[in-house]
Amino acid sequence: MTGLSRARVARRIAAGAAYGGGGIGLAGAAAVGLLVAEAQLARRRVGNGTTPHVPNADGLYGAAYTVPGEPALRLTMLGDSTAAGQGVHRAGQTPGALLASGVAAIAERPVGLSTVAVPGACSDDLDRQVTRALADPSRVPDICVIMVGANDVTHRMPPTRSVRHLSSAVRRLRTAGAEVVVGTCPDLGSVEPVRQPLRWLARRASRQLAAAQTIGAVEQGGRTVSLGDLLGPEFAANPRELFGPDSYHPSAEGYATAAMAVLPTVCAALGLWPAEEERPDAARREGFLPVAQAAAEAASEAGTEVTAAMPAGARGPWALLKRRRRRRVAETEPEPSAQPS
């Protein structure tokens, strides 16, 4: 499928979500039947990530940066098992802890982490999670990171419905005053036990949903980062290192790779990234594009950021596509220990 074709599909899904459309099929009926049968077999082989343990990473990070009278930044994680950190054994290995530690080090300011993400959640659980995140009007998060979409694909949720729930969540959080970064649907075609033809169908469905999620989130004032790296090329090339014991959820190293892809965008949303990095760099193929085209390109290249850029024109809303430089996992500093918040 060409980039323009992917953009058109993503735009149709996003439009259906905005105007209450039903489901735009990700594949034909026969293909869906095959997808279900193969998915059931794959679930039996990987357990679909049913390991119940999720470390509690909530707490204060970067306490050494505390300054009297200056409150800590507040970071909230929403979404599914990926956002919660299912599959690792220590709190410091979860993406929330890694992001909180990274933001604290860059801002030189403590960061309070709160996690409302739930393993197994689909996008229709975001409304409940947002309600929890905004339960205390005096403690609205400064930044929210949403990672969701994989379960929507495996549970065959219509993509228009999926995007509608995500768009609503982003709108509510932005209206409350929180910045929002969405890690879009990862590439399920890279889950190790998944075989052809399910692998191709899963990759196609994942990328279509990721592109549509980007349109929906950006149009509501959020930023997105493609999480193809999370279950994508790096995982396919080195699954024993980057997948966890269940061959479905990332390992500690895998979560670190994903967190480092999201961290620059989180910092940019908080105004912590250098000003020169906010300008598009032609050498990195960054620039302004119609949002649907930017979304399609981002879905095909992990780690790519999309954010709203200009008022709508003849070709619809525009966005800035960026490929931010990110630190290698091996170069990151160990995260501070969490303290009760």
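Residues numbered from 1 in each chain as written. Predicted model: local features only at pLDDT ≥ 70, side-chain atom pairs only at ≥ 80, totals over all residues. Heavy atoms only, no water.

Turning our attention to the overall build of the protein chain. Of the regular secondary structure elements, the protein chain holds 12 helices and nine strands. A total of 341 residues make up the protein chain; the buried ones form 53% of that total. For the protein chain, the accessible surface area stands at approximately 14,300 Å², while carbon and sulfur atoms represent 53% of it. (Helix = DSSP H or I, 4+ residues; strand = E, 2+ residues; numbered from the N terminus. Buried < 20%, exposed > 50% of the residue type's maximum accessible area, 1.4 Å probe, protein only. Areas by Shrake-Rupley, 256 points an atom, 1.4 Å probe, with all protein chains shown as cover.)

This brings us to the side chain of Asp-80. Assignment of secondary structure puts Asp-80 in the loop between strand E2 (73-79) and helix H3 (81-84). Buried charge without a salt bridge: Asp-80, with Arg-128 as the nearest opposite-charge side chain at an N-O distance of 12 Å. Those residues in contact with Asp-80, other than ones at most four positions away along the chain, are Ala-117, Val-118, Pro-119, Ala-121, Met-147, Val-148, Gly-149, Ala-150 and Asn-151. (Lys, Arg positive; Asp, Glu negative; His and termini not counted. Salt bridge = Lys/Arg side-chain N within 4 Å of Asp/Glu carboxyl O. Contact = heavy atoms within 4.5 Å.)

With that settled, consider unusual backbone geometry. At Arg-156, a residue that is not glycine, the phi angle is positive and equals roughly 60°. Here Arg-156 is to be found in the loop between helix H6 (150-154) and helix H7 (159-176). The phi torsion at Arg-285 lies on the positive side, around 60°, for a residue other than glycine. Mapped onto the elements of the fold, Arg-285 is located in the loop between helix H11 (252-269) and strand E7 (287-290).

Let's shift gears to the pattern of salt bridges. Note that side chains of opposite charge can pair when their charged atoms are close. A complete count under the given rule lists 12 salt bridges for this structure. Glu-70 is the salt-bridge partner of Arg-109, the closest N and O atoms lying 3.8 Å from each other. Of this pair, Arg-109 sits in the loop between helix H4 (95-107) and strand E3 (111-115) while Glu-70 sits in the loop between strand E1 (59-61) and E2, and the two are 39 residues apart along the sequence. Judged by its relative accessible area of 36%, Glu-70 falls in the partly exposed class. The shortest N-O distance in the salt bridge between Arg-284 and Asp-281 comes to 3.4 Å. Sharing partners across several salt bridges, the network here consists of Asp-281, Arg-284, Glu-286 and Lys-322.

Detailed reading of the predicted coordinates is not advisable wherever pLDDT is low. Here the protein chain averages 79 in pLDDT, while 69% of its residues score no lower than 70. Across residues 237-244, confidence stays below pLDDT 50; counting only partners more than four residues off in sequence or on other chains, it has 24 contacts. Long-range and interchain partners of residues 328-336, a stretch whose pLDDT sits below 50, account for 15 contacts in this model, where long-range means more than four residues apart. (pLDDT = per-residue confidence, 0-100.)

Once that is clear, we can look at the packing of helix H5 (residues 126-133) against H7. The description of two packed helices rests on the angle between their axes and on the distance between the axes. One can describe the packing of H5 onto H7 by two numbers: an axis separation of 9 Å at closest approach and a directional angle of 15°. Compared by their axis directions, H5 and H7 come out roughly parallel. Handedness of the crossing formed by H5 with H7: right-handed. Along the contact surface, H5 presents Leu-126, Asp-127, Val-130 and Thr-131, while H7 presents His-165, Leu-166, Ala-169, Arg-172 and Leu-173. Of the residues that constitute the contact of H5 with H7, the class distribution is five nonpolar, two polar and two charged. (Axes fitted to C-alpha atoms, helices over the stretch in contact; angles between N-to-C directions. Parallel < 35°, antiparallel > 145°, perpendicular 65-115°, else oblique. Left-handed = near helix turned anticlockwise from the far one by under 90°. Nonpolar A, V, L, I, M, F, W, Y, C, P; charged D, E, K, R; others polar.)

The buried count for strand E5 (residues 179-183) comes to four of five residues, which makes it a mostly enclosed element. In the sheet, strand E4 (residues 143-147) pairs with E5 via five bridges, with the strands oriented parallel. Within the sheet, the bridge partner assigned to Ile-143 lies in E5 and is Glu-179. (Pairing = 2+ DSSP bridges.)

Where H4 meets H11, the closest approach of the two axes is 9 Å, and the angle between their N-to-C directions is 45°. Our classification of the angle between H4 and H11 gives oblique. When you trace H4 past H11, the crossing you get is right-handed. Contacts between H4 and H11 pair Pro-95, Leu-98, Leu-99, Gly-102, Val-103 and Ile-106 from the former with Tyr-255, Ala-256, Ala-259, Val-262, Leu-263, Val-266 and Cys-267 from the latter. Class assignment of the residues belonging to the contact of H4 with H11 gives a composition of 12 nonpolar, one polar and no charged.

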